[in-house]
Amino acid sequence: MLNIFHHYDEKTKRNVIVFLVQTTRIFVNFRYEIRLENEVINNEIRLHIKGLYVPELLMPQTGPAQGRHDYEHLDGTYRLVIIKQDKTINEFFIQISPESIDIKEKPKTSFIIVSNDPVDLD
């Protein structure tokens, strides 16, 4: 699942747009991370899902695997391209404004659910 939402980052004191990828599977011993590569070119956002990896500081913890990227200064309509390890591609169109994020178009079949529901980051 990919959640896209506005968030105020207390550390940097900036408003950001969070792209948070999570597995539906809950890991009971460790909380793995999802490696993401991303790029923004004009009005296209590309997220490459590179797979799970073990974080350097491995503490026992329960939860889904997560990968996150924060963006600043996104405004307008964007083509969102999500690419899995096997090169499968899903394309979405999203509208981002300072007040809201709307998913305008989705593929008919998709390997990932995209939502604008915020997630508790604590």
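Up top you'll find the structure we're talking about.
Residues numbered from 1 in each chain as written. Predicted model: local features only at pLDDT ≥ 70, side-chain atom pairs only at ≥ 80, totals over all residues. Heavy atoms only, no water.

Draft legend 1. Structural context of the environment of Phe19. Relative to the assigned elements, Phe19 resides in strand S2 (residues 14–27). Residues Phe19 and His69, spaced 50 residues apart in sequence, show a C-alpha to C-alpha distance of 5.3 Å. With residues up to four places along the chain from it excluded, the contact list for Phe19 reads Leu2, Asn3, Ile4, Ile45, Leu47, Gly67, Arg68, His69, Tyr71, Leu74, Leu80 and Ile94. (Helix = DSSP H or I, 4+ residues; strand = E, 2+ residues; numbered from the N terminus. Contact = heavy atoms within 4.5 Å.)

Draft legend 2. Broad picture of the layout of surface pockets. Its boundaries defined by the atoms lining it, the largest pocket holds a volume of some 280 Å³. Val21, Ile49, Lys84, Phe111 and Ile112 are the residues nearest the centre of the largest pocket, which is lined by 15 residues in total. Contributions of two or more residues to the lining of the largest pocket are made by S2 and strand S4 (44–53). Top contributing element to the lining of the largest pocket by residue count: S2, with four residues. Of the residues contributing to the lining of the largest pocket, the split by class is eight nonpolar, five polar and two charged. If you add up the space inside the second largest pocket, you get close to 230 Å³. Every residue lining the second largest pocket is counted, ten residues in all, and those nearest its centre are Arg31, Tyr32, Glu33, Pro55 and Gln61. In terms of residue class, the lining of the second largest pocket is built from six nonpolar, two polar and two charged. (1 Å grid on protein atoms, 1.4 Å probe; cavity = no way out; pocket = protein on both sides within 12 Å on 5 of 7 lines; lining within 4 Å. Points joined across faces, edges and corners; volume = space filled by probe spheres on them. Nonpolar A, V, L, I, M, F, W, Y, C, P; charged D, E, K, R; others polar.)

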